[in-house]
Amino acid sequence: MSSSGAVKKVVIAGGGTAGWVAAAALSKRLQGLVDVVLVESEEIGTVGVGESTIPPVTLFHNLLGIDEQEFMRATDATFKLGISFENWGQVGDRYIHPFGTTGKGSFLADFQHYYLHGLTQGIDAPFGDYCVELQAARAHKFAKPQGQGEAPLLSYAYHLDAGRYARFLRQFSEKLGCVRIEGKINTVTQHTNGDIRSLVLDDGQEVSGDLFIDCTGFRALLIEQTLHAGFERWDHWLPCNKAVVVQTQSAATLPPYTRAMAHDAGWQWKIPLQHRVGNGLVYAADFLSDEAARQRLLDGLETPALMEPRVISYQTGRRKQVWLNNCVAMGLSSGFIEPLESTSIYLFMNSVIRLLRLFPFAGVTPALAAEYNQQSVRELEKIRDFIILHYHQTERRDSPFWDYCRTMTVPDSLAQRIELFRDSALAFQTGDEMFRLESWTHVLLGQRLKPQSYHQLVQQIPPQDLSRHLQQIRDTIGRAVERLPSHREFIAHYCASG
Ligand code: FAD
């Protein structure tokens, strides 16, 4: 039990994206029940990256009642329909992992079985032709439905300016009564049972609370430096541990997707915002030096840099307990998988929702903490497997880095999924899993895994019916995408109105 009993005051340590996401959600949903205080240090600053998101961010904003147009104007956001993976299966390959659904299967056989059967019948349209988000992304188009039948309901997320997003959420939270304290945390004091009692700042100010949220980033000041929760390393599966990042001027095109371009020791991102482009080169320090990474990033820029490139080091893995005593870690303090599928912001949005569901109003109990920890690890390990898949499922043989990734031993849970797909084209999404079976299928097929067989039920369909079914899906998507405005036009209009 927490020494303080009932939780009446939550103290958030850290004001990066994680800190302000937590502050916004707690201030909004626990208004009148719990006081929320956030301590941050401008001198220390934030990690300053994390600008690509996945669709649940829209649900999170709905939960908070955030106005989308206001948010987009404040953060210079753009829409995102998926990620373009380039050079992953082989140098020169490209596929888009889109949001939304792909094709139309049946209760007993998912769409990929129809698609694979179609291939044997000479219908060789790519898998992506059956997904409206993917086709819209390819055409750089976007729209939100204005009324029935006008546009398809696209599943989307955002690219956003991380610094502006934290400021936006800060204003949002402060309006709801969240108190922000500027200052550097010098000491963390504890009760005799180990619970955190207070944060003592450099200026001597003491901030006490009943429940503490550690959002201090990689420093993990509370959960690790104070409570020693422990860290499970995943770098043997996810060997990239550095990124060199730079912002550049806007480019001529505004694609509604993130680009993830593999190179011989990692990969590079391009994230298009309204006012600039975010660029980063992710690499494994064992295979590429900082200087070579920096040069490679600069050589690949399409528009002039707006700053000096900056190197960020990280370690992949997870905090062994994210809720320990009266402290819950969110964001980078809780661990980090990899930026590849843009899951970090999603993960702490979901963490704060989980905390709201399990909120310890009457005091922290071991059962609440255990449940929270179990749910967190289940969710995280599935995402981890999905990301490892991108590195492992490759035919690249052009560098020691890819030789390592291709031949490494992967977690059993992932090895089984790959085998299942290879043998029988079966993919699935478990109840508590973020990525859908279509996500798995797009990446597996996109990275050249050819299933040896597929569900034989689809052979019962007469060939002309199958052909018509597949053609109809492609035609419907083609017509819908044709009608969409360009992504740039849509944003200009959307952000100017409302
Ligand atoms: P930080 O931003 O580091 O914030 C830490 C806060 O704690 C700061 O306010 C700091 O001032 C404060 N603090 C620390 N110590 C003290 C102290 N002693 N006293 C007072 N305050 C203190 N995520 C995505 O979802 N999509 C992406 O595309 C993506 N790309 C990424 C690329 C890279 C290379 C990396 C490393 C991460 C990426 N992430 C991405 C993750 C994302 O950046 C983070 O999850 C997100 O920014 C949240 O960070 P944070 O708030 O946990 O930490």
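For the protein chain, the name recorded in an unreviewed UniProt entry is Tryptophan halogenase family protein, with Rheinheimera tilapiae as its organism.

Caption draft 1: Region of the structure containing the overall build of the protein chain. Per the secondary structure count, the protein chain includes 14 helices and 21 strands. Relative to a compact globule of 498 residues, whose C-alpha radius of gyration would be 23 Å, the protein chain shows 23 Å and is just as compact. Judged by the C-alpha coordinates and their principal axes, the protein chain covers about 75 × 50 × 50 Å. Residue burial in the protein chain is summarised as follows: out of 498 residues, 47% are buried. Considering only residue pairs separated by 6 or more positions, the protein chain has 77% of its internal contacts joining residues 24 or more positions apart.

Caption draft 2: Examining the sheet that holds strand S12 (residues 231-233) more closely. Spatial strand order, S12-S18-S21: 3 strands in an open sheet with antiparallel pairing. Of all strands in the sheet, those bounded by a partner on one side alone are S12 and strand S21 (335-336). One ladder, built from 2 bridges, connects strand S18 (residues 317-319) with S21; its direction is antiparallel. The partner of glycine 317 across the bridge, within S21, is phenylalanine 336.

Caption draft 3: Quick peek at the pairing of strand S15 (residues 266-272). Judged by how many residues are buried, S15 sits mostly within the fold: 7 of 7 residues are covered. By the bridge criterion, 7 bridges tie S15 to strand S16 (residues 277-283) in an arrangement that is antiparallel. Note on S16: the bridge partner recorded for isoleucine 271 is glycine 278. Adjacent in sequence and paired antiparallel, S15 and S16 are bridged by 4 residues.

Caption draft 4: Looking closely at helix H12 (residues 437-446). Most of H12 is tucked away, with 10 of its 10 residues classed as buried. On the buried face of H12, the contacting elements are strand S4 (82-86), strand S5 (94-98), helix H4 (111-120), helix H9 (366-392) and helix H11 (412-424).

Caption draft 5: Structural view of the nonpolar core. Within the largest apolar cluster, 137 residues are counted, with the highest numbers of intra-cluster contacts made by Ile12, Ala13, Val21, Ala22 and Ala23. The greatest single-element share of this core, amounting to 8 residues, is contributed by helix H1 (residues 17-29). Beyond its immediate stretch of four places on either side in the chain, valine 21 contacts Leu169, Phe348, Met349 and Val352.

Caption draft 6: Fine view of the sheet that holds strand S9 (residues 196-201). Ordered by their spatial adjacency, 3 strands build an open sheet running S8-S9-S10, and the pairing between neighbours is antiparallel. In this open sheet, the two strands that pair with only one neighbour each are strand S8 (185-190) and strand S10 (206-208). Taking each pair of neighbouring strands and ignoring which way they run, the sheet shows an average axis angle of 25°. Where S9 and S10 come together, 3 bridges link them in antiparallel fashion. Residue leucine 199 lies in a different strand from S10, and its bridge partner there is valine 207.

Caption draft 7: Representation of the domain arrangement of the protein chain. Segmentation of the protein chain into domains returns domain 1 (9-51 + 161-234 + 316-364), domain 2 (82-146 + 383-483) and domain 3 (242-313). Between the C-alpha centres of domain 2 and domain 3 there is a distance of 27 Å. Taken together, the 16 residues of domain 2 in the interface contact 14 residues of domain 3. It is S4 that provides the largest number of residues to the side of domain 2 that touches domain 3, a total of 5 residues.

Caption draft 8: The arrangement of the site of the ligand in detail. Taken together, 37 residues form the shell around the ligand, and within it Gly14, Gly16, Gly50, Gly217 and Gly331 come nearest. Elements with a minimum of two residues in the shell around the ligand: H1, strand S2 (35-40) and helix H8 (344-357). When residues of the shell around the ligand are assigned to their parent elements, the largest contribution, 3 residues, is made by H1. Across the shell around the ligand, the residue classes tally to 15 nonpolar, 18 polar and 4 charged. Taken domain by domain, the shell around the ligand gets at least three of its residues from each of domain 1 (9-51 + 161-234 + 316-364) and domain 3 (242-313).

Caption draft 9: Fine view of the pairing of S4. Where S4 and S5 come together, 5 bridges link them in antiparallel fashion. Paired with glycine 82 across the two strands is proline 98, which belongs to S5. As judged from the 4 bridges shared by S4 and strand S14 (residues 258-263), these two strands associate in the parallel manner. If you follow isoleucine 83 over to S14, its bridge partner there is threonine 258.

Caption draft 10: A look at the environment of glutamine 471. Residue position: glutamine 471 is located in helix H13 (residues 463-483). On the basis of neighbour counts, which here come to 13 C-beta atoms within 10 Å, the residue glutamine 471 falls in the partly exposed class. Sequence separation of glutamine 471 and leucine 288 is 183 residues, and the distance between their C-alpha atoms is 46 Å.

Conventions adopted
Residues numbered from 1 in each chain as written. Predicted model: local features only at pLDDT ≥ 70, side-chain atom pairs only at ≥ 80, totals over all residues. Helix = DSSP H or I, 4+ residues; strand = E, 2+ residues; numbered from the N terminus. Rg over C-alpha atoms; globule rule 2.2 N^0.38 Å. Buried ≥ 20, exposed ≤ 12 C-beta atoms within 10 Å, placed from the backbone. Contact = placed C-beta atoms within 7 Å. Pairing = 2+ DSSP bridges. Core = buried A, V, L, I, M, F, W, Y, C linked by C-beta atoms within 7 Å. Axes fitted to C-alpha atoms, helices over the stretch in contact; angles between N-to-C directions. Domains from an automatic or database assignment. Near = placed C-beta within 6 Å. Nonpolar A, V, L, I, M, F, W, Y, C, P; charged D, E, K, R; others polar.

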